[in-house]
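What follows is the residue order along each chain.
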Amino acid sequence: MSPPPGVRLECLSEATLPGAHAVKLAFLGAGKAFCLVCPYSWEPESLESFAHFYRLHPETMRGTAVAVREDTGEVVGVIATATHGQPRSPEDAQMHATKPGECYVEWLPGTAAGGG
């Protein structure tokens, strides 16, 4: 399936880290809760913390794609994936243990501007 006109897909990069972070925060702040009780929005992840993992393991940027509006450059969607043996954040690794030959979707948020 092709993205809608005016939206391009690209691997996560230093330039798109802030936008990907903003999309993830908006997704987690939209009623999601840790253990179904404490909203994630109570303690949002900082951009520095979000970027630290990707800077520590730059190869993981190839497994994370962003949808970018061509007219504004705004990141409007993100898909983060993981394969067996790939470095993962402690939070993501707790959600699912990957198996050999498996590609797991860690998170897949989109904004209203991107149709998500």
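Residues numbered from 1 in each chain as written. Predicted model: local features only at pLDDT ≥ 70, side-chain atom pairs only at ≥ 80, totals over all residues. Heavy atoms only, no water.

## Here we look at the nonpolar core
Step number 1: In this structure, Leu12, Leu17, Tyr54, Val66 and Val78 are the most contacted members of the largest nonpolar core, which totals 15 residues.
Step number 2: Mapped onto this core, the elements with two or more residues apiece are helix H1 (17–28), helix H2 (47–56), strand E4 (64–69) and strand E5 (75–83).
Step number 3: Considering each element in turn, this core owes the most residues, 4 residues, to H2.
Step number 4: Those residues in contact with leucine 12, other than ones at most four positions away along the chain, are Leu17, Ala20, Tyr54, Met61, Thr64, Ala65 and Val66. (Core = buried A, V, L, I, M, F, W, Y, C linked by side-chain atoms within 4.5 Å. Buried < 20%, exposed > 50% of the residue type's maximum accessible area, 1.4 Å probe, protein only. Helix = DSSP H or I, 4+ residues; strand = E, 2+ residues; numbered from the N terminus. Contact = heavy atoms within 4.5 Å.)

## Observations concerning the pattern of salt bridges
Side chains carrying opposite charge are able to pair once their charged atoms draw close together.
Step number 1: Counted under the stated rule, the structure contains 6 salt bridges.
Step number 2: Across the pair glutamate 10 and arginine 8 runs a salt bridge whose closest N-O atoms are separated by 2.7 Å.
Step number 3: When the shortest N-O distance is used, the salt bridge between arginine 88 and glutamate 106 registers 2.6 Å. In this pair, arginine 88 sits in the loop between E5 and helix H3 (90–95) while glutamate 106 sits in strand E6 (residues 103–107), placing the two residues 18 residues apart along the sequence. (Salt bridge = Lys/Arg side-chain N within 4 Å of Asp/Glu carboxyl O.)

## Structural notes on the sheet that holds E4
Step number 1: Strands sit in the order E1-E4-E5-E6 across an open sheet of 4 strands; the sheet is antiparallel. Where the open sheet ends on each side, the last strands, each with one partner, are strand E1 (7–11) and E6. Across the sheet, the mean angle from the axis of one strand to that of its neighbour is 25 degrees, orientation sign disregarded.
Step number 2: Two strands pair when backbone bridges link them, and E1 and E4 are joined in this way by 5 bridges, in the antiparallel orientation. Pairing of valine 7 across the sheet is with arginine 69, part of E4. (Pairing = 2+ DSSP bridges. Axes fitted to C-alpha atoms, helices over the stretch in contact; angles between N-to-C directions.)

## Describing the environment of threonine 83
Step number 1: Structurally, threonine 83 can be placed in strand E5.
Step number 2: Given the relative accessible area of 35%, threonine 83 is considered partly exposed.
Step number 3: Along the sequence, threonine 83 and proline 100 sit 17 residues apart, while their C-alpha atoms lie 7.6 Å from each other.
Step number 4: Residues in contact with threonine 83, not counting those within four places in the same chain, are Thr98, Glu102 and Cys103.

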